[in-house]
Amino acid sequence: MPIVYRDVKGSALSYSELDGNFADLAARTALSWSQIGGEPHVEEGTANAPSLETFRGGVDAWAYANGQMSQSFITFDVPFDYAVGTDLVVGIHWSPGSNANTGNVRFGLEFTYAWSYGPGVNNVFGPTSTIYMNASQADGTPYTSYLNFNDPADNFPAAAVQPNMRFLVRLFRDGGNVGDTFAAPIFIIGTDFFYQVDKFGTSTKAPPFV
């Protein structure tokens, strides 16, 4: 229900209206989900780079080979409305293109991150960590759009994440792994980094972002 108020002062709200107002306020301030869309990019001279191939019609996309490592890169900043203390979840959009094979695709993300402010150890890019994703089995339908998420145990760590943090990510198809059984190239269409939103956002662009 919408929040109820009185245009003319002096008239009390009913108990039902008060209960409704608190319920509506709770809903407006509860955490919700949003996302950062990302497009993997290929650096010139990168080893094991995907190849730009025809996806459909006149539309090209990056094709990641089977049986070997294929890699690209992503960068993103954590938005200011990120709810501090919650995990980041990654989703990968991919498609087999015209191929009708079935099988699993295994992805990996190697990442490092740093706060965008300092001084201190938190604004230093540290050693990388890697998480893996075993995609759902392709069902053999050409041009299907798949979206796969990382295992919740491998979320980007909430304890370290802060608004305005910069992530550098190496995204790769782990095509040489036995878990990758899709015997054809696939197209990575894009990535999403899902995060929980503090609906009040942040009152300042400076730390500690409260």
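Residues numbered from 1 in each chain as written. Predicted model: local features only at pLDDT ≥ 70, side-chain atom pairs only at ≥ 80, totals over all residues. Heavy atoms only, no water.

Draft legend 1. Geometry of the overall build of the protein chain. Of regular secondary structure, the protein chain possesses one helix and 12 strands. In sequence order, the secondary structure elements of the protein chain are arranged as α-β-β-β-β-β-β-β-β-β-β-β-β. Counting across all 210 residues of the protein chain, residues that qualify as buried make up 38%. Within the protein chain, contacts between residues at least 6 apart in sequence are counted, and of these 77% link residues at least 24 apart. (Helix = DSSP H or I, 4+ residues; strand = E, 2+ residues; numbered from the N terminus. Buried < 20%, exposed > 50% of the residue type's maximum accessible area, 1.4 Å probe, protein only. Contact = heavy atoms within 4.5 Å.)

Draft legend 2. Just the sheet that holds strand 8 (residues 129-134), in detail. In spatial order, the strands read 4-11-7-8; together these four strands make up an open sheet with antiparallel pairing. Edge strands, defined here as strands with exactly one partner in the open sheet, are strand 4 (69-77) and strand 8. Strand-to-strand twist in this sheet, taken as the mean axis angle between neighbours without regard to direction, amounts to 20°. Where strand 7 (residues 106-114) meets strand 11 (residues 166-174), eight bridges bridge the pair, whose relative direction is antiparallel. Directly across from leucine 109, in strand 11, lies its bridge partner leucine 171. (Pairing = 2+ DSSP bridges. Axes fitted to C-alpha atoms, helices over the stretch in contact; angles between N-to-C directions.)

Draft legend 3. Region of interest: the nonpolar core. In terms of nonpolar packing, the biggest core is built from 32 residues, with Leu88, Phe107 and Phe167 touching the most fellow members. Elements supplying a minimum of two residues to this core: strand 4, strand 5 (89-95), strand 7, strand 8, strand 11 and strand 12 (186-197). The greatest single-element share of this core, amounting to five residues, is contributed by strand 12. For phenylalanine 107, the residues in contact, after removing those within four places along its chain, are Ile92, Trp94, Ile131, Tyr132, Met133, Ala135, Phe172, Arg173, Asp174, Ile186 and Ile188. (Core = buried A, V, L, I, M, F, W, Y, C linked by side-chain atoms within 4.5 Å.)

Draft legend 4. Quick peek at the pattern of salt bridges. With the rule as written, the count across this model stands at four salt bridges. Taking the shortest distance from any N to any O, the salt bridge between aspartate 174 and arginine 106 comes out at 2.9 Å. One end of the pair, aspartate 174, is in strand 11; the other, arginine 106, is in strand 7, with 68 residues separating them in the sequence. Among the salt bridges present, the one from arginine 173 reaches aspartate 180, with a minimum N-O distance of 2.8 Å. Each member of the pair, arginine 173 as well as aspartate 180, carries the same accessibility label: buried. (Salt bridge = Lys/Arg side-chain N within 4 Å of Asp/Glu carboxyl O.)

Draft legend 5. Expanded view of the pairing of strand 11. The buried count for strand 11 comes to seven of nine residues, which makes it a mostly enclosed element. Inspection of the sheet shows strand 4 paired to strand 11 by nine bridges, in the antiparallel sense. What sits directly across from threonine 75, in strand 11, is leucine 168.

Draft legend 6. The arrangement of the side chain of threonine 191 in detail. In this structure, threonine 191 sits in strand 12. The class for threonine 191 is buried, based on a relative accessible area of 2%. Setting aside chain neighbours within four positions, we find threonine 191 in contact with Ile36, Gly37, Gly38, Pro40, Ile74, Gly91, Ile92, His93 and Leu171.

Draft legend 7. Region of the structure containing unusual backbone geometry. At tyrosine 143, a residue that is not glycine, the phi angle is positive and equals roughly 65°. Looking at the secondary structure, you find tyrosine 143 in the loop between strand 9 (138-139) and strand 10 (146-149). In the Ramachandran plot, asparagine 164 falls in the positive-phi region, its phi being about 70° despite a non-glycine side chain. In this structure, asparagine 164 sits in the loop between strand 10 and strand 11.

Draft legend 8. Region of the structure containing the packing of aromatic side chains. For the structure on display, the rule yields 12 aromatic pairs. For the ring pair phenylalanine 111 and phenylalanine 167, a centre distance of 6.2 Å and an interplane angle of 45° mean the geometry is tilted. Linking phenylalanine 111 in strand 7 with phenylalanine 167 in strand 11, this pair joins segments that are 56 residues apart in sequence. Aromatic rings pair up to connect Phe76, Phe111, Tyr113, Phe167 and Phe193 into one cluster. Its end group placed over the ring of tyrosine 143, arginine 56 keeps NZ or CZ at 3.7 Å from the ring centre. The residue whose ring lies beneath arginine 106 is tyrosine 132, and the NZ or CZ to ring-centre distance is 4.2 Å. (Phe/Tyr/Trp six-rings, centres within 6.5 Å; stacked < 30°, edge-to-face > 60°. Lys NZ or Arg CZ within 6 Å of the ring centre and 35° of its normal.)

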